[in-house]
Amino acid sequence: MLKSRRILSLLVHHSIRQPPTRLLHVSARAAVKKFVDSENDYACSVLRNVRLEQPAEVPTGLAVGSSAAEDVLVELKRIVGAGTSSTLLDARSGDFVARFVRLVPQFSDEQLSRALETLGTLEEVRSIYDPHYLSLWTTLDAECLERVTGWNVERLLYMADRWYPLRLAKQGRFVNKAIWKISNRLRKLPPDQLVKTVFYINLTRVPVENMMDIEVNFQQRFDAFTIDDIAVLCMGFFKTETPVRSGELLEQIYQRVTADVRTVEDIPLTAILKLLRYSSRIPQVPSMQRLLDALVAEIPRLSHLACLHVALLGSDIHVCHRDTLERIVHKFLPSVTTLRLKDMERIAFVLAHGNVSLAGASDTHLLRAILAELPHRVPEIVQYPRCYVALLHFLALRHICDAGFVSAAFERRFLQLAYGRNIAGAGREAVALDAYAALNLPTYAGNRFPADAYRLVCKLTQDYLPNANYKLTKSDRMLLDVQEAFGGLVGEPCAILHLLPHYQRPDLLFCCDGRTRQVVPLDASATHATHEIRTRESVLGVRSGERQLRLVAIVVGSWNCYVRDERRRTGGYAMKLEQLRQLHYDTVEIPWYEWPYYSRDDMRKYLEAKLSPYLPKARRQAAALK
């Protein structure tokens, strides 16, 4: 309890100290040029080691610059020699900067390259927007931009390489323009130029219009790429949020990674796993299972981040690989204090979503250790408040919860820190956590998510009630088929509505008399949408005290409610059934794998068997005769 009070007071204290905009989020204006970027540095090292250690590195045909230009480059090298930007920031450097800016248009291509290389040796830059430094790099950027039309692909990529050490590829315009020009030839680029081009697409985080051309080239020349090349290409797709659409290419990637699994390093493996998770669909499940089987023995040598992405692989399509999870959880257990908050949230998601119980209850031990670690992560929580709310939600799905931590998350100033002044912009994790506090913690007396915001978030995150006049998903069609079969069986309609508004999918509801087993019609007012949790009182009104009336929720379990190939309920779906029972609903579950999709007679027979405890025998016999 002391830890709960401590984290509540600390979070409130830290939250109040923050202005409406999150100061701890590093903006572009405050960004430091030199920072740790292991993925991009790895990718750059791949290009340098494999591509740039070739003879004749500098493109030929570079014009000779003026002697004045040469003098100013020498002076730049002397000023930068101190290793920091402090000399550049000195007011006395103003004349030099002005002269440099004036002479840049006279630079030859080789002198432009040297100027960029010199600036790239600075170890620290207080801000890329410091006036003198800003003048230098924006002038060089503008000059490179002017020469894009006259440079071929080789020279464009060579000059882009000069920009990378400055960490300014995203802020400047030249690299974007160079990629735009190269994008017209993506299908024809040789493997080395394709990898380098995709690397800079990854840096800018802006996909080109014809990303499909990269995919085609990638697939056609697949055997020419090393596993490191494949990792760089995967980064480009993932960082621009572009999935690989070719099933054949995905199979090639799966086969290569599975074959090289013993030697592939952490960073390339992580990059590839990110794309495979983002792009894989049901046809890729067998290949995914083979890769995960091969990764079991590699878990001990992999970093925590790589292990995390092994655990996440397949979570989007509900694949839960027990063998890898067991080893990953055992690896994480003694290292909880070294995990980032985001790592904790992601592993909690995997364990909660997969609803998996591991040998020795190691999963529960890990989740409890994560909860116990939270009071030591207050600065990180304030920096990433949405991550904290999501983490509490995933822990709650496994019934690991602390009322004080939840109350801290729902302190209004903290909610504004997480979601801005418009708290209704929160995600489903916030309303689901609030519902857990209301339904599963009977003695909870802490802060709650604001009621008005709760209703609006639920409204925005719910599916529309299915309507036969519009395009239907398989889950929508199943709901309507069950409703129709119920009407044919009972002669009374059942309602489709959101009993638990914090869940995306609606359910079916009917009322019956527990003594006579007769279906009791519900008032229209009892089934209209309210975006509030539907209690017995809100459905039955003044009749809620009649104990013989039973509310029966028919819950349709679509394919994404179960772990693939195991038919185990996912964590969120299991919690939904539990919360309906908490509200005193009788629940009838209809899994997708049992429902007879194609025969109306079979639908009625199936539903009749499922609802036998609630229907009179005479009605069931009459239905059977039909």
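Procedures and definitions
- Residues numbered from 1 in each chain as written.
- Predicted model: local features only at pLDDT ≥ 70, side-chain atom pairs only at ≥ 80, totals over all residues.
- Heavy atoms only, no water.
- Axes fitted to C-alpha atoms, helices over the stretch in contact; angles between N-to-C directions.
- Helix = DSSP H or I, 4+ residues; strand = E, 2+ residues; numbered from the N terminus.
- Left-handed = near helix turned anticlockwise from the far one by under 90°.
- Contact = heavy atoms within 4.5 Å.
- Nonpolar A, V, L, I, M, F, W, Y, C, P; charged D, E, K, R; others polar.
- 1 Å grid on protein atoms, 1.4 Å probe; cavity = no way out; pocket = protein on both sides within 12 Å on 5 of 7 lines; lining within 4 Å.
- Points joined across faces, edges and corners; volume = space filled by probe spheres on them.
- Phe/Tyr/Trp six-rings, centres within 6.5 Å; stacked < 30°, edge-to-face > 60°.
- Buried < 20%, exposed > 50% of the residue type's maximum accessible area, 1.4 Å probe, protein only.
- Expected span 1.5 Å × (residues − 1).
- Parallel < 35°, antiparallel > 145°, perpendicular 65-115°, else oblique.
- Core = buried A, V, L, I, M, F, W, Y, C linked by side-chain atoms within 4.5 Å.
- Arc of directions from axis to C-beta.
- Pairing = 2+ DSSP bridges.
- Right-handed = clockwise from strand over helix to strand, strands pointing away.

> Help me out: how do you make sense of the packing of helix α18 (residues 341–354) against helix α19 (residues 362–373) in this one?
Two numbers describe a pair of packed helices, the interaxial angle and the distance between the axes. Where α18 meets α19, the axes come as close as 11 Å, and the angle between the chain directions of the two elements is 145 degrees. Between α18 and α19 the crossing geometry is left-handed. When α18 is examined against α19, the residues M344, I347, A348 and L351 are found in contact with a partner set consisting of D363, L366, L367, I370 and E373. For the contact of α18 with α19, the residue count by class is seven nonpolar, no polar and two charged.

> It is not clear to me how empty space enclosed by the protein should be interpreted in this structure. Could you clarify?
Where empty space is left can be seen by rolling a probe of water-molecule size over the atoms. This model, assessed by the stated rule, comprises three cavities of 30 Å³ or more. Space inside the largest cavity adds up to approximately 130 Å³. Forming the walls of the largest cavity are 16 residues, and the residues nearest its centre are A311, S315, V319, C320 and V350. Elements represented by at least two residues in the lining of the largest cavity include exactly α16 (304–312), α17 (322–332) and α18. Here the lining of the largest cavity takes four residues from α18, the largest share from any one element. By residue class, the composition of the lining of the largest cavity is ten nonpolar, six polar and no charged.

> Help me out: how do you make sense of the packing of aromatic side chains in this one?
Given two aromatic rings, one states the distance between the centres and the angle between the planes to describe the pair. Applying the stated criterion to the full structure yields 18 aromatic pairs. Their ring planes at 50 degrees and their centres at 6.0 Å tell us that F96 and F100 sit as a pair that is tilted. Pair noted here: F96 and F100 are both in helix α5 (residues 94–103), with a separation of four residues, about one helical turn. Grouping residues by exposure puts F96 and F100 together as buried. Measuring from ring centre to ring centre gives 6.4 Å for F510 and Y614, while their planes differ by 80 degrees; the resulting arrangement is edge-to-face. A residue pair is termed long-range when its members are at least 10 positions apart, and F510 in strand β2 (residues 507–513) and Y614 in the loop between α29 (600–610) and α30 (617–625) qualify at 104 residues. The pair F510 / Y614 is uniform in exposure class, with both members buried.

> Is there a simple way to think about the side chain of S279 in this case?
With respect to the helices, strands and loops of the structure, S279 is situated in helix α14 (residues 266–279). On the accessibility criterion, S279 (5% relative accessible area) is buried. When residues no more than four places from it in sequence are discounted, the contact partners of S279 are P243, V244, L250 and Q284.

> Would you mind going over helix α12 (residues 227–239) with me for this structure?
Three- or four-residue spacings in an α-helix give side chains the same orientation, since the helix completes a turn every 3.6 residues. Its 13 residues give α12 an end-to-end C-alpha distance of 18 Å, which sits within 8% of 18 Å, the value for a rise of 1.5 Å per residue. Buried residues dominate α12, accounting for eleven of its 13 residues. Regarding α12, the residues found buried are I227, D229, I230, A231, V232, L233, C234, M235, G236, F237 and K239. Within two residues after α12, E241 carries a phi angle of roughly 55 degrees, on the positive side.

> Hey, could you run me through the side chain of N217 in this one?
Within the fold, N217 resides in helix α11 (residues 211–220). Assessed through its relative accessible area of 0%, N217 is described here as buried. The residues touching N217, leaving out its near neighbours within four places in the chain, are L186, R187, K188, L189, L194 and F225.

> Even after reading the chapter, I still don't get the layout of surface pockets, so can you show me in this structure?
In this structure, the second largest pocket encloses a volume near 1,300 Å³. Lining the second largest pocket are 41 residues, and of these H318, H353, Q504, N560 and T570 lie nearest its centre. Elements with a minimum of two residues in the lining of the second largest pocket: α18, α21 (385–397), α24 (428–440), α26 (474–490) and α28 (571–582). The element contributing the most residues to the lining of the second largest pocket is α28, with six residues. By residue class, the composition of the lining of the second largest pocket is 17 nonpolar, 14 polar and ten charged.

> Would you mind going over the packing of α21 against helix α23 (residues 412–419) with me for this structure?
Close contact between α21 and α23 brings their axes to 7 Å; oriented N to C, the two are set at 110 degrees. Taken together, the axes of α21 and α23 are roughly perpendicular relative to one another. Contacts between α21 and α23 involve P385, R386, Y388 and V389 on the former and, on the latter, F414, L417, A418 and Y419. Considered class by class, the residues forming the contact of α21 with α23 number seven nonpolar, no polar and one charged.

> Where do I start with unusual backbone geometry in this structure?
Residues apart from glycine generally show negative phi values, whereas peptide bonds are mostly found in trans. The phi torsion at H399 lies on the positive side, around 60 degrees, for a residue other than glycine. Here H399 lies in the loop between α21 and α22 (403–409). By relative accessible area, which is 38% here, H399 ends up partly exposed. One non-glycine residue, H531, adopts positive backbone phi at about 60 degrees. Note on H531: relative accessible area 22%, which makes it partly exposed.

> What should I look at first to understand the nonpolar core in this one?
Among soluble globular proteins, nonpolar side chains are generally buried collectively. With 187 residues, the main nonpolar core has F100, F107, L140, W163, F174, I253 and F449 as its most contacted residues. Sorting elements by how many residues they give to this core places α21 first, with ten residues. Not counting residues within four places of it along the chain, the set of residues in contact with F449 comprises F410, L415, I423, A426, A430, V431, D434, Y454 and V457. In terms of nonpolar packing, the next biggest core, distinct from the first, is built from 26 residues, A485, F486, C512 and Y614 among them.

> Could you clarify how one ought to interpret α17 in this entry?
Turning to α17, its buried residues are T324, L325, I328, V329 and F332. One face of α17 carries all of its buried residues, which in axial projection span an arc of 130 degrees. Elements that come into contact with the buried residues of α17 comprise α15 (285–295), α16, α18 and α19.

> Looking at this structure, I do not really get the pairing of strand β4 (residues 549–557). What am I missing?
Every other side chain in a regular strand lies on the same face of the sheet, so the side chains alternate between the two faces. When you tally the buried positions in β4, you get eight out of nine residues, the bulk of the element. Here β2 pairs with β4 via six bridges, running antiparallel. Bridged to L509 within β4 is A553. Looking at chain direction, β4 and strand β5 (residues 586–591) are connected through six bridges and run parallel. Looking across to β5, one finds that V555 is bridged to E589. Once you follow β4 into α28 and on to β5, the crossover reads as right-handed.

> Got a minute to help me understand the environment of L366 in this structure?
By secondary structure assignment, the location of L366 is in helix α19. Overall, the relative accessible area of 0% leaves L366 in the buried class. Expressed as a C-alpha distance, the spacing of L366 and M344, which sit 22 residues apart in the sequence, is 9.5 Å. The residues touching L366, leaving out its near neighbours within four places in the chain, are V329, F332, L333, V336, I347 and L351.

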